[in-house]
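Observations on the model geometry
Chain residues, written in single-letter form:
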Amino acid sequence: MKILVAVKRAIDYNVKARPKADGSAVDLANVKMSMNPFDEIAVEEAIRIQEAGNASETIAVSIGPKQCQETLRTAMAMGVDRGILVETDEEIQPLAAAKVLKAVIEKEQPELVLLGKQAIDDDSNQTGQMLAALLGWPQGTFACGVALADGGLEVRREIDGGIQTVKLKLPAVVTSDLRLNEPRYVKLPNIMKAKKKPLDTLTVDELGVDVTPRLTLLKAAEPPARQGGIKVPDVATLVDKLRNEAKVI
Amino acid sequence: MEREAMEFDVVIVGGGPSGLAAAIRLRQLAVENDRELTVCVLEKGSEIGAHILSGAVMEPRALDELLPDWKDLGAPLNTPATEDRFMFLSEKRAYRFLTPPQQNNHGNYIVSLGNVCRWLAEQAEALEVEIYPGFAAAEVLYHDDGSVKGVATNDMGRTREGEEGPNFELGMELHARQTLFAEGCRGSLTKTLFERFGLREGVDPQVYGLGIKELWEIEPGKHQSGQITHTAGWPMDMSTYGGSWMYHFDDNLVSIGFVVGLDYQNPYLSPFEEMQRFKTHPLIRDVLEGGRRLAYGARAISAGGYQSIPKLTFPGGMLIGDCAGFLNVPKIKGTHTAMKSGMTAAEAVFEALADESASGVEVAAYRERLEQTWLWDELYRVRNIKPAFHWGLPAAIAYSAIDTVLLRGKAPWTLRHRADHETLKPAAACKPIDYPKPDGKLTFDKLSSVFLSNTNHEEEQPCHLTLRDDSVPVKVNFERYAGPEQRYCPAGVYEFVEEGGETRLQINAQNCVHCKTCDIKDPTQNINWVTPEGGGGPNYPNM
Amino acid sequence: MTALVVAEHDNAALNPATLNAIAAAQAIGGDVDVLVAGSGSQPVADAAAQVAGVRKVLHADAAHYGHALAENLAPLVVSLAEPYEHILAAATTTGKNVMPRVAALLDCAQISDIIGVESSDTFIRPIYAGNVIATVKSADAKKVITVRTTAFDPVAASGGSGAVEAAASADDAGLSEFVGEELTKSDRPELTAADIIVSGGRGVGSSENFAVIEALADKLGAAVGASRAAVDAGYVPNDYQVGQTGKVVAPNLYVAVGISGAIQHLAGMKDSKVIVAINKDEEAPIFGVADYGLVGDLFKEVPAMVEALDK
């Protein structure tokens, strides 16, 4: 089985984003960028499946500017066999990303596609589902467990209030949640080895995909500061307010 | 289990200006002479520049020598210095003084040193330097003959208790024919080298300052691109060494900072609060009001200068940059000297390694060459300015003028330093300082400041702020000095908390911005800062 | 202009999150229809018809809709989408699973997790973990939207009189099947999914004392969280941590007990709908963000609150 993992270069999770002073966009000048943490989990899962002897090849794909090569190198340093960069300086929204990935998948013919459940920049949580829809494949979103089971895939999913298990036909798309695994540390020698692994570059035009954004950002603002409320004199008042005013209990 | 090892000709510990300049110079020489030479740079920050914090006004002298076409290569030196102001502050007023000659900045640039380092790293990588950010050198390795063999990175994935966690990875050994330590001020490995090779014998103790910096975006109408302001006086009292900077650069950005000499005596002093209070001065408030604070950070700097420079070489390795202490204090600059030391080291190392069998040798030529450069002359001339501040500010200013203008730095005497951890007076002999409360607009508390440094450490790892004796924090630091670490730490790492009627020290290691002040100022030198897992610490953007 | 809200349910009852999604649809303006797709889900369709302001309920009932599998539900929504300009669902795990699949099949963008409506094509949504609030305008003819439930007050579950219409079922796509579900029952809910969270800070004082927090949490059916200070002091494990370096949560009710309210903690819970603070230090920053503050000794007030909740 061939596995393809999609990885996005996004703001590092330790770094706080803030809007530009004029509210036109998010200020990302010289901000540290890393692999989207959910994608890192997806990469780890792909490698684990391969290490368990259930995958013949693992491929990482990224879409974006030249610097996404670093993200792909990280995936390869973790253990992925090769990388594909679909290079573009355009803004790529989830639907466009799904279309680009679909085009790559049609070339590569993987049986399993892994992605992070969402990217920590736009917090869309869409690309995996959209990709599955465009391919006509089943989807296992918010995965916290993935197992191969008689020709198909059994996916444990984190749903509100518990865990759901579904069985999917292959080929399938799976998106990783936080608890699927804990990604490994990248080892120094593997970073060096990753520099020698193959990395192909494609363009959006070669793939013939229309990536025109459908959403326009009109304004990026700081969240409004939360205002303090009232002090209550005692517990009885507090419980009363929660029941009858806020209606949250 | 045995650690894996990788072999290089040269390993450089630290990806700041000196380490990167050394790496670039080494590879330039290798290319020019058509010689194979592998160079590796280890950086504990998550990326190059993540741990770099500086004013910074940069004198391009060393850069001109290293990469003469830096403008064409897109170096981020975008704001030429235009106006120099030196102000003496009283609580309400500011008096403009003649700018000391060392502070004339014509021809210099206001930069983000972090961004300069990011750019230097690109130049280094283009020359095939291997740069590994996110990996911390945690241990010096030695050959049987006692010479330095290289360094080892720390293990990743240990639990708080030091056990092997689920993702445990053993550290790596990096072996080199020559190891260059470029750790910056108060390097944790450098400290062990000082002891092992007696590098500080016969020189003055190093003395330090703690610089606290904020980056602000101000209202466009107030921005004076290229303007440089330094202040002395308020809020420091006359006996405490300290001063500020304020630089206008790039698009409506202002770099503002306060440096407190770590030889201060009152344990109630809080450098962080001094910085906050300083901003309430009309001179500063007027500039910042209506703007927003973008970033915060802190870093100790070496201020000892010439008389504190240690022995620089030992078998198998050498010290470059601020871990040796090449900062020019009156000039308030160290980037050009750090780079120059790295470049000079590179030239000496390149020559020594021409002998294929040379491994673990001491390259004494580094210091000999350094003494012939402008760096040495520069530091010698200003050697008496900082120590004169022991006499208090007015006397120091008078002395500085005589030393600089009349004697031109060639005074037949040299004033001495004493170590910063010895200067605290007992709390009983000092007055607590009543600092104003933060307003959340111009002044802030520590934790909301640390928030802007993007600091994080993997939670499950042994505490990297180690205590030699667990009883000392309460018995000595708290009881005698009223817990000075609560105040000198600019990141809120140390807190004395009461639990069940007993006081104990709570160490919030995750907040640590790697400034090294605790390692320096702790009165009994009980705190030993060791490097946490690579990639931890602040993630400074544009600092 | 008409909107279709995809109802969430368990075939027996309507999930209240649907009421918040209907509220968002009403905020856009125009008529609101509801789709109930399930198996043996007549009670849900009837309940949906009672919801205030619902014009009609489209009801598709077939075995393969029983578990809201996206592979089956999405084509059904698409087959019914023609008359609607807006298609919405609550941003629950079900809504997040199904709606992007709908959007892709309709070749339009999805607007995720909206917290405000500016106009029929312009919406407000948090990005970068809530550090930035984006206003986005859609260029698509149809807008597929998921709704952050805490941002819209629910409409009344009764008072409406919509008609229930049977909708034609699409075929079972045969791509996926439901195997099972383990719902957390006796144990406390997960932090990130909990409706109510009770968190303790350094003020709790010890690991044993956390029993006080747990007692209140159990009384409220809440998850237990903690500040970093409490985690660092070793009172509770790391995975309890709410904050910048821990989990980011946005429950309906967040009760902060003995937590001073350092910004690192606030970053993890400031999007909660209602915040309660109990702290003995009346100067604590937590009171600056709390809707209801109670100054007092937590060891007295929290047990008293448990008692008061029984009344």
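Structure report, in brief. Residue positions are given per chain, counting from 1 as you read along its sequence in written order. Here chains are named by letter from A upward and ligands by number from 1 upward, in the order in which they appear as written. At least 70 in pLDDT is required for a residue's local features to be given in this predicted model, at least 80 for side-chain atom pairs to be given and counted, and no such filter applies to totals for whole chains, interfaces and linings, which use all residues. Calculation of side-chain values draws on the structure's entire complement of heavy atoms; hydrogens and water are dropped beforehand.

1. Here's the deal with the overall build of chain C
Rules: Starting at the N terminus, helices and strands are each numbered in turn, a helix being any DSSP run of H or I of at least four residues and a strand any DSSP run of E of at least two. Note that the radius of gyration is over C-alpha atoms, with the globule rule given as 2.2 Å times the number of residues to the power 0.38. Each residue gets one of three labels from its accessible area relative to the maximum for its type: buried under 20%, exposed over 50%, partly exposed in between, using a 1.4 Å probe on protein chains only. Here a residue-residue contact requires only that any non-hydrogen atoms of the pair lie within 4.5 Å. Under the counting rule used here, the positive set is Lys and Arg, the negative set is Asp and Glu, and His together with the chain ends is not counted. In this description, the location of a charge corresponds to atom NZ of lysine, CZ of arginine, CG of aspartate or CD of glutamate.
Of regular secondary structure, chain C possesses eight helices and 16 strands. Computed over C-alpha atoms, the radius of gyration of chain C comes to 21 Å, within 12% of the 19 Å expected from 2.2 N^0.38 for 311 residues, which places it in the range of a compact globule. Overall, the C-alpha framework of chain C stretches about 60 × 40 × 40 Å when taken along its three principal axes. Expressed as a percentage of the 311 residues in chain C, the buried residues total 59%. Restricting to contacts in chain C with at least 6 residues of sequence separation, those with at least 24 account for 64%. One finds the centroid of the 20 positive side-chain charges in chain C at a distance of 5 Å from the centroid of its 38 negative side-chain charges.

2. Remarks on the pairing of strand β16 (residues 242-249) of chain B
Residue and element names in this part refer to chain B. Keep this limit in mind: Two strands form a pair only when DSSP identifies at least two bridges running between them.
With respect to burial, β16 is a largely interior element, eight of its eight residues being buried. Burial along β16 is two-sided: G242, S244, M246 and H248 facing one way and G243, W245, Y247 and F249 facing the other are all buried. Note: strand β15 (residues 227-233) against β16, five bridges, orientation antiparallel. By the bridge assignment, H230 is partnered in β16 with W245. Direction of pairing for β16 relative to strand β17 (residues 253-261): antiparallel, over a ladder of eight bridges. Across the sheet, F249 pairs through a bridge with L253, a residue of β17. Remark: three residues form the turn of the hairpin made by β16 and β17, two consecutive strands paired antiparallel; D250 in that turn has positive phi of roughly 45°.

3. Focus on the sheet that holds strand β10 (residues 172-176) of chain A
In plain terms, the rule: Working convention: axes come from line fits to C-alpha atoms, limited for helices to the stretch in contact. Angles between N-to-C directions cover 0 to 180 degrees.
Taken in spatial order, the 10 strands make up an open sheet running β11(A)-β5(A)-β4(A)-β1(A)-β6(A)-β10(A)-β7(A)-β8(A)-β9(A)-β11(C), and their pairing is mixed. Each having just a single partner strand, β11 (199-203) of chain A together with β11 (176-183) of chain C make up the two edges of the open sheet. Adjacent strand axes in the sheet meet at a mean angle of 30°, parallel and antiparallel pairs treated alike. Pairing between strand β7 (residues 139-149) of chain A and β10(A): three bridges, direction parallel. The partner of A:G140 across the bridge, within β10(A), is A:V174.

4. Structural notes on the interface of chain C and chain A
Interfaces are often sized by the amount of accessible area the parts lose when they come together. Heads up, the condition is: Buried area is a sum: the accessible area each of two parts loses on coming together, probed at 1.4 Å, counted once for each and added. When a carboxyl oxygen of Asp or Glu is within 4 Å of a side-chain nitrogen of Lys or Arg, the pair counts as a salt bridge. Under the rule applied, a polar contact is a pair of N or O atoms within 3.5 Å (in protein, one hydrogen donor and one hydrogen acceptor; residues adjacent in sequence only if both atoms are side-chain atoms). Each residue is assigned to one of three groups, with Ala, Val, Leu, Ile, Met, Phe, Trp, Tyr, Cys and Pro labelled nonpolar, Asp, Glu, Lys and Arg labelled charged, and all others, Gly among them, labelled polar.
Between chain C and chain A, the residue contacts involve 77 residues of the former and 73 residues of the latter. Both sides of the chain C and chain A interface together cover about 6000 Å² of buried area, and 55% of this is carbon and sulfur. Where chain C touches chain A, the interface holds five salt bridges. For the interface between chain C and chain A, the tally reads 44 residue pairs in polar contact (both at pLDDT 80 or more). Considered class by class, the residues forming the side of chain C that touches chain A number 39 nonpolar, 20 polar and 18 charged. Two strands pair when backbone bridges link them, and strand β12 (residues 215-221) of chain A and strand β8 (residues 132-138) of chain C are joined in this way by six bridges, in the antiparallel orientation. In the sheet register, A:K219 faces β8(C), and the bridge partner there is C:T135.

5. Some remarks on helix α4 (residues 127-135) of chain A
Residue and element names in this part refer to chain A. Among the nine residues of α4, seven are classified as buried, and the element is accordingly described as predominantly covered. Among all positions in α4, only G128, Q129, M130, L131, A132, A133 and L135 are buried. Once α4 ends, the next one or two residues include G136, with phi positive near 70°.

6. Focus on the sheet that holds strand β13 (residues 230-231) of chain A
The strand order across the open sheet built from six strands is β13(A)-β16(C)-β15(C)-β14(C)-β12(C)-β13(C), with neighbouring strands paired in parallel fashion. Because the sheet does not close on itself, it has two edges, and the strands there are β13 of chain A together with β13 (223-226) of chain C. Relative to strand β16 (residues 292-295) of chain C, strand β15 (residues 274-279) of chain C is paired through four bridges, and the arrangement is parallel. Residue pairing in the sheet places C:I278 in a bridge with C:L294 of β16(C). Its contacts with the sheet put helix α5 (residues 210-220) of chain C on β12 (196-200), β13 and β14 (253-257) of chain C, and the angle it makes with β12(C) is roughly 175°.

7. Some words on the packing of aromatic side chains
Residue and element names in this part refer to chain B. What counts is decided by this rule: Any pair of Phe, Tyr and Trp rings, taking the six-membered ring for Trp, is counted once the centres come within 6.5 Å. Such a pair is stacked with planes under 30 degrees apart, edge-to-face with planes over 60 apart, and tilted for the rest. Consider the ring centre and the ring normal. A charge sits over the ring if Lys NZ or Arg CZ is within 6 Å of that centre and within 35 degrees of that normal.
For the structure on display, the rule yields 14 aromatic pairs over all chains. When the ring of Y142 is compared with that of F197, the centres are 6.2 Å apart and the planes differ by 55°; the resulting orientation is tilted. Here Y142 is found in strand β9 (residues 137-142), whereas its partner F197 is found in helix α4 (residues 188-197), with 55 residues between them in sequence. Using a relative accessible area of 21% as the deciding quantity, one classes F197 as partly exposed. What links up through ring pairs into an aromatic cluster is the set Y142, F181, F197 and F314. In this structure, K521 is placed above the aromatic ring of Y264, and the distance from its NZ or CZ to the ring centre is 4.4 Å.

8. A short note on the packing of helix α7 (residues 335-352) of chain B against helix α9 (residues 374-381) of chain B
Helix packing geometry: the angle between the two helix axes and the distance between the axes. All names here are of chain B. So the rule is basically this: An angle counts as roughly parallel when it lies under 35 degrees, as roughly antiparallel when it exceeds 145, as roughly perpendicular when it falls between 65 and 115, and as oblique in every other case. Crossing handedness: left-handed means the near helix sits turned counterclockwise from the far one by under a right angle, and right-handed means the same turn made clockwise.
Look at α7 against α9: their axes get within 10 Å of each other, and the N-to-C directions meet at 140°. With respect to their mutual orientation, α7 and α9 come out oblique. Of the two possible hands of crossing, α7 and α9 adopt the one that is left-handed. Every residue of α9 that contacts α7 at H336, T337, K340 and S341 is listed here: W374, L375 and E378.

9. Overview of helix α3 (residues 94-108) of chain A
Residues and elements named next belong to chain A. Note the following rule: Helix span, as expected, comes to 1.5 Å for every residue beyond the first.
Here α3 contains 15 residues, and its C-alpha end-to-end distance of 20 Å stays within 8% of the 21 Å for a straight helix at 1.5 Å per residue. When you tally the buried positions in α3, you get 11 out of 15 residues, the bulk of the element. Burial in α3 covers these residues: P94, L95, A96, A97, A98, V100, L101, A103, V104, I105 and E108. Positive phi appears at Q109, one or two residues downstream of α3, with a value of about 55°.

10. Some details on the interface of chain A and chain B
Tallying the contact residues gives 24 residues for chain A and 28 residues for chain B. Summed over both sides, the interface between chain A and chain B buries roughly 2400 Å², with carbon and sulfur atoms accounting for 53% of that surface. Counting the contacts that link chain A with chain B gives four salt bridges. Close ionic contact of B:R292 with A:E222 constitutes a salt bridge, the shortest N to O distance being 3.0 Å. Counting the contacts that link chain A with chain B gives 12 residue pairs in polar contact (both at pLDDT 80 or more). Among the residues making up the side of chain A that touches chain B, the classes are represented as 12 nonpolar, two polar and 10 charged.

11. Points about a nonpolar patch on the surface
Selection criterion: Patch definition: residues with relative accessible area over 30% and no salt bridge; like charges joined within 9 Å; nonpolar side chains (Val, Leu, Ile, Met, Phe, Trp, Tyr) joined within 5 Å. The Shrake-Rupley method, run with a 1.4 Å probe sphere, supplies the accessible areas, and residue values consider only the shown protein chains as cover.
Residues B:Y95, B:F97 and B:I397 make up a contiguous nonpolar surface patch of roughly 240 Å² in combined accessible area. If you trace the backbone, B:Y95 turns up in strand β6 (residues 94-97).

12. Focus: the nonpolar core
A general feature of soluble globular proteins is that nonpolar side chains tend to end up buried together. Residue and element names in this part refer to chain B. Note the following rule: Here, nonpolar core means buried Ala, Val, Leu, Ile, Met, Phe, Trp, Tyr and Cys residues that are tied together by side-chain atoms lying within 4.5 Å of each other.
Counting residues in each nonpolar core, the largest one holds 84 residues, and the members touching the most others are I12, F181 and F326. With eight residues, helix α1 (residues 17-32) is the largest single contributor of residues to this core. Not counting the four nearest positions on each side in its chain, F326 is found in contact with I309, L312, G321, T337, S341, Y366, L370, L375, W376 and L379. If you look at the next biggest cluster of nonpolar residues, it comprises 66 residues, including Y247, L283, L288 and Y488.

13. Considerations on the pattern of salt bridges
Side-chain pairs of opposite charge can arise whenever the charged atoms involved come near each other. In this structure the tally under the stated criterion is 64 salt bridges over all chains. One salt bridge in this structure joins C:K270 and C:D271, with 4.0 Å as the shortest N-O distance. Assessed through its relative accessible area of 25%, C:K270 is described here as partly exposed. You can call C:D271 partly exposed: its relative accessible area is 31%. Within this structure, A:K2, A:E57, A:R82 and A:E108 form a network of salt bridges that share partners.

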